[in-house]
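Each chain, letter by letter, is given below.
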Amino acid sequence: MALWRFLCRDSRGYPEYIAKTLQPGYCGPIVFAAAGASAQYDSRTMILLTRRADFAASHYYWVDAWTPEENERAFGKCSNRHGHGHNYTLEVTVAGEVDATSGFVIDLKTLKDIIEREVLQAYDHRHLNLEVPEFENVLPTTENVAIAIWNRIAPALKGAKLHRVRVYEMADLFADYYGEA
Ligand code: NI
């Protein structure tokens, strides 16, 4: 996140600086809501909206081409093939225009249903290596889980665009995926 300062004019036409926080790489329109002036929302107003969900799942890390010693050295306890569990937190951020009538980027129930149907039903209380097809030959690391969730959600979204998938494996470890560059 980068904090930018823009020179604008307030409602009386006087110059003023407005600080905005922008995502890296963001290149859409920048909309200002100047102090003292009513916010101007129109059909080109882009905004980011995030929905959070939790799930619990098991996994282990193991590369078949490596010896047990190499796996142990690379992955430590995570190489135990009986697996271990995590309480994951998922954040799905969509980008889109604010609908002039509803004020929504996307219907919140629709987004919740997509996360529930496409991700939670497949991942929650599952063993990722053994029960989720995309991890049959791909290690279910935090990074790969974020990519896999993107690939599940993106095709199901209508109207709004998937902007970011963030997956926390634990409170101090998360991966962000913004889709193919
Ligand atoms: Ni783990």
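Keep in mind it's a predicted model, so treat the numbers as computed, not measured. (Residues numbered from 1 in each chain as written. Predicted model: local features only at pLDDT ≥ 70, side-chain atom pairs only at ≥ 80, totals over all residues.)

Asks: What is the right way to read the sheet that holds strand β3 (residues 46-59) from this model?
Replies: The pairing of strands in a sheet happens through backbone hydrogen bonds and is either parallel or antiparallel. As summarised here, the arrangement of the five strands in space is β5-β3-β4-β6-β7, forming an open sheet in which the pairing is mixed. What marks the edges here is a single partner per strand, and that holds for β5 (126-127) and β7 (173-177). Contacts between helix α4 (residues 142-153) and the sheet are confined to β4 (84-97), β6 (161-170) and β7, with β6 contributing the most and set at about 145° to the helix. (Pairing = 2+ DSSP bridges. Helix = DSSP H or I, 4+ residues; strand = E, 2+ residues; numbered from the N terminus. Contact = placed C-beta atoms within 7 Å. Axes fitted to C-alpha atoms, helices over the stretch in contact; angles between N-to-C directions.)

Asks: Can you walk me through helix α2 (residues 108-123) in this structure?
Replies: In an α-helix, one full turn covers 3.6 residues, which means residues spaced three or four apart are oriented alike. For α2, with 16 residues, the first-to-last C-alpha span of 21 Å sits near the 22 Å given by 1.5 Å per residue. At E116, α2 shows its strongest bend, of approximately 35°. Residues of α2 that are buried: L111, I114, I115, V119 and Y123. Residues of α2 that are buried make contact with β3, β4, β5, α3 (128-131) and α4. Positive phi appears at H125, one or two residues downstream of α2, with a value of about 60°. (Expected span 1.5 Å × (residues − 1). Bend = angle between axes of the 7 residues up to and from the residue. Buried ≥ 20, exposed ≤ 12 C-beta atoms within 10 Å, placed from the backbone.)

Asks: It is not clear to me how the packing of α2 against α4 should be interpreted in this structure. Could you clarify?
Replies: Geometry of a packed helix pair, given as the angle between the helix axes and the separation of the axes. Their axes nearest at 9 Å, the elements α2 and α4 cross at an angle of 125°. The angle between α2 and α4 places the two elements in the oblique class. As α2 packs across α4, the resulting crossing turns out to be right-handed. Contact residues: I114, I115, E118 and V119 in α2; I149, R152 and I153 in α4. Residue composition of the contact of α2 with α4, grouped by class: five nonpolar, no polar and two charged. (Parallel < 35°, antiparallel > 145°, perpendicular 65-115°, else oblique. Left-handed = near helix turned anticlockwise from the far one by under 90°. Nonpolar A, V, L, I, M, F, W, Y, C, P; charged D, E, K, R; others polar.)

Asks: What's the story with the pairing of β4 in this structure? I'm lost.
Replies: A regular strand places its side chains on the two faces of the sheet in alternate fashion. When β3 meets β4, the two strands line up antiparallel, connected through 14 bridges. Note that in β4 the partner of A53 across the bridge is L90. Two elements, β4 and β6, share seven bridges in a ladder whose sense is antiparallel. By the bridge assignment for β6, E91 is matched with R166.

Asks: What's the story with the nonpolar core in this structure? I'm lost.
Replies: Taken as a class, soluble globular proteins show a tendency for nonpolar side chains to be buried jointly. Counting residues in each nonpolar core, the largest one holds 23 residues, and the members touching the most others are V92, V94, I149, I153 and V167. At the level of elements, β4, α2, α4 and β6 are the ones that each hand at least two residues to this core. Excluding its chain neighbours within four sequence positions, the residues that come into contact with V92 are T50, R51, L111, I115, I153 and V165. (Core = buried A, V, L, I, M, F, W, Y, C linked by C-beta atoms within 7 Å.)

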